[in-house]
Amino acid sequence: SLPSPLLLNAATGAISGQPGAATTANFTIQVTDSNQATATKAFAMTVNPAIVITTSSPLPQGTVGVNYSQTLAATGGSGTYTWAVTVGSLPSPLLLNAATGAIAGQPATAGPANFTIQVTDTNQVVVAKAFALTINPAIVITTSSPLPLGTVGVNYSQTLAATGGSGTYTWSVTVGSLPSPLLLNAATSAITGQPATAGPANFTIQVTDTNQVVVAKAFALTINPAIVITTSSPLPQGTVGVNYSQAVTATGGSGIYAWAVTVGSLPTPLLLNSATGAISGQPGTATTANFTIQVTDTNLVVVTKAFALTINPALLITTTSPLPAATP
């Protein structure tokens, strides 16, 4: 029998119809003339599966400036395929190879594209399918270099950022190394840890997106020495009624210092200059004061130190006047 539901026209010999299933059929056809003479012949007929474009839409995303390559696939039909874009257009300057179905090129502009691709087999059977393809902006690491300063012994945390590309980012240090023992989190891009040694570091950080597009950027990071208040305690003594001036000093940290008394108080009415660390004023009362001074740097790193300051009574001449008469 013919492949269902094909029919043979008894008068014309035409086999026609729309095959319902892929198959290979073997059958014998007989022809009879007006004199009832007959002849027969065996035939084989193959019905191929319907053509189906099997590539899914949307297509994998691309990135501006990065070579793109995606080959479309189809099954069914017969012979060789010929591919063409019939509606819309590919993102410029991508091209579709008519023989292989490969879409290739280096995208120049970010944005979505919608188009229809048609495949034609050797028997001129045609099937079309709509596709979408998004081209993402080029990947750019947006964090500036140098990175914010760190300080020995103080927890450091700085998260890098990037834009463009597609999917999720994976971060790594590819050249040089972070100041020990800082680490870069591959998933979050956070650089964290407590620096152990002061000094500058130069390194390159790479970010890779889901499509394996890679961008790298050079960074510098300086770790400052730990903040230390270098002024000794007790402070130089003062005297009631005599102007007092003593600068508290520090080293290490970064930027500028801000000074404050955090525990206890200075002898009245002495004041601590928050910008210079200078303690000044004219003491009004003899006393010994105990207090804590704090210094904070630009990165809000804080160090404190306890101090003692003694204010002596005013100098008095205690001998009375007049003096005893002198004896010749």
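It should be emphasised that the depicted structure is a prediction, and the values quoted were computed from it without experimental measurement.

Conventions we followed
One numbering rule holds for all chains: residues counted from 1, following each sequence as written. Residue-level local features of this predicted model are given only where pLDDT is at least 70; pairs of side-chain atoms are given and counted only at 80 or more, and the full residue set underlies all totals for whole chains, interfaces and linings. Side-chain measures were taken over the full set of non-hydrogen atoms in the model, leaving aside hydrogen atoms and water. A pocket here means an open set of points on a 1 Å grid, computed over the protein atoms alone, that has protein on both sides within 12 Å along at least five of seven lines. A cavity is instead a set of points where a 1.4 Å probe fits but cannot get out; residues with an atom within 4 Å of a point line either one. Grid points are joined across faces, edges and corners, and a volume is the space filled by probe spheres set on the points. For this scheme, ten residues count as nonpolar: Ala, Val, Leu, Ile, Met, Phe, Trp, Tyr, Cys and Pro. Four count as charged, namely Asp, Glu, Lys and Arg, and the remainder, Gly too, count as polar. Where helices and strands are cited, they refer to DSSP runs of H or I of at least four residues and of E of at least two residues respectively, numbered from the N terminus. Here a strand pair is declared whenever DSSP counts at least two bridges between the two strands. Here a Phe, Tyr or Trp ring, Trp counted by its six-membered ring, pairs with any other such ring whose centre lies within 6.5 Å, and the pair is stacked when the planes are under 30 degrees apart, edge-to-face when over 60, and tilted otherwise. Think of it in three bands: with a 1.4 Å probe and only protein chains considered, a residue is buried below 20% of the maximum accessible area for its type, exposed above 50%, and partly exposed in between. By definition, residues are in contact when any of their heavy atoms lie within 4.5 Å. Any N or O atom pair separated by 3.5 Å or less is treated as a polar contact, with the protein-specific requirement of one donor-capable and one acceptor-capable atom, and with residues adjacent in sequence counted only for side-chain atom pairs.

1. Some words on the layout of surface pockets
Then, number 1: Volume-wise, the largest pocket comes out at about 230 Å³.
Then, number 2: Taken together, 16 residues form the lining of the largest pocket, with Val47, Asn48, Pro49, Ala50 and Ile51 sitting closest to its centre.
Then, number 3: A per-class count over the lining of the largest pocket returns 9 nonpolar, 6 polar and 1 charged.
Then, number 4: Of the volumes computed, that of the second largest pocket is approximately 150 Å³.
Then, number 5: Among the secondary structure elements, those contributing two or more residues to the lining of the second largest pocket are strand 15 (150-151) and strand 16 (156-159).

2. Brief notes about the sheet that holds strand 24 (residues 238-239)
Then, number 1: Reading across from one edge, 24-31-30-27 is the order of the 4 strands in this open sheet, with mixed pairing throughout. Each edge of the open sheet carries a strand with a single partner, namely strand 24 and strand 27 (258-264).
Then, number 2: Pairing analysis gives 6 bridges linking strand 27 to strand 30 (residues 287-296), with the strands arranged antiparallel. Of the residues in strand 30, the one forming a bridge with Val263 is Thr292.

3. Looking at the packing of aromatic side chains
To describe a pair of aromatic rings, one takes the distance between the centres and the angle between the planes.
Then, number 1: As enumerated under the stated definition, the model contains 7 aromatic pairs in all.
Then, number 2: Judged by centre distance (6.5 Å) and plane angle (20°), the ring pair of Phe115 and Phe131 falls under stacked. Of this pair, Phe115 sits in strand 12 (residues 111-120) while Phe131 is found in strand 13 (residues 126-136), placing the two residues 16 residues apart along the sequence.
Then, number 3: With a relative accessible area of 2%, Phe131 lands in the buried category.

4. Notes on the sheet that holds strand 29 (residues 278-281)
Then, number 1: Taking strand neighbours across the sheet as the criterion, the 3 strands line up as 25-29-28 in an open arrangement whose pairing is antiparallel. What marks the edges here is a single partner per strand, and that holds for strand 25 (244-247) and strand 28 (271-272).
Then, number 2: Looking at chain direction, strand 28 and strand 29 are connected through 2 bridges and run antiparallel. Paired with Leu271 across the strands is Ser280, a residue of strand 29.

5. Focus on the environment of Thr298
Then, number 1: One can find Thr298 in the loop between strand 30 and strand 31 (302-312).
Then, number 2: Spatially, the C-alpha atoms of Thr298 and Leu309 are 28 Å apart, while their sequence positions differ by 11 residues.
Then, number 3: Residues within four places of Thr298 in sequence aside, it is in contact with Ser254, Gly255 and Ile256.
Then, number 4: At a separation of 2.8 Å, a polar atom in the side chain of Thr298 contacts the main-chain amide nitrogen of Ile256.

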